[in-house]
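# Architecture and fold: a report
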Amino acid sequence: QVQLVESGGGLVQAGGSLRLSCATAGRTLKWYAMGWFRQAPGKEREVVASIDWSDGSTNYADSVKGRFTISKDNAKNTVYLQMNSLKPEDTAVYSCAGRSYHYLDYNYWGQGTQVTVSS
């Protein structure tokens, strides 16, 4: 059993910051990559940021570049998403995802955590 457990979501005012954490629970895995996704009501899920476990390379959605930072802790199999200068349009359910070795896509997902940014 492998579970991804998100924490750190909540309600913040525009311009504020949040730090999301995604910890691996249960059977531990070494990830090939991990990422953060979000889905707002009535919209499709989109990738926010991802990080490659081997070299630490990162990718960001254009809408969050310069504001969000993804990082990882190899020893803890944990990823973080530091979100600064939050905007109301960042409001969404944020989900953590992991990609294990020998898979071509993300195959483990957390339950999601709500991030609401008020104006």
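Keep in mind that this is a model prediction, so the values were computed, not measured.

Rules behind the numbers
Residues numbered from 1 in each chain as written. Predicted model: local features only at pLDDT ≥ 70, side-chain atom pairs only at ≥ 80, totals over all residues. Heavy atoms only, no water. Salt bridge = Lys/Arg side-chain N within 4 Å of Asp/Glu carboxyl O. Buried < 20%, exposed > 50% of the residue type's maximum accessible area, 1.4 Å probe, protein only. Core = buried A, V, L, I, M, F, W, Y, C linked by side-chain atoms within 4.5 Å. Contact = heavy atoms within 4.5 Å. Helix = DSSP H or I, 4+ residues; strand = E, 2+ residues; numbered from the N terminus. Pairing = 2+ DSSP bridges.

This paragraph deals with the pattern of salt bridges. The tally for this structure, following the rule as stated, stands at four salt bridges. The closest approach of N and O atoms between R38 and E46, which form a salt bridge, is 2.8 Å. Residue class for E46 comes out partly exposed when judged on its relative accessible area of 30%. A salt bridge links D62 to K65; the shortest N-O distance between them is 3.2 Å. When salt bridges with common partners are traced through the structure, they connect R38, E46, R67 and D90 into a single cluster.

Buried together is how nonpolar side chains tend to be arranged in soluble globular proteins. Counting residues in hydrophobic clusters, the biggest one holds 27 residues, and the most contacted among them are W36, L81, M83 and Y94. Setting aside residues no more than four positions away along its own chain, M83 makes contact with G16, S17, L18, L20, R67, F68, Y94 and V115.

Where burial is concerned, most of strand β9 (residues 92-100) is hidden: eight out of the nine residues are buried. Relative to β9, strand β4 (residues 31-39) runs antiparallel, the two sharing eight bridges. Counterpart to F37 in the pairing with β9 is S95. By the bridge criterion, two bridges tie β9 to strand β10 (residues 108-109) in an arrangement that is antiparallel. Counterpart to A97 in the pairing with β10 is W109.

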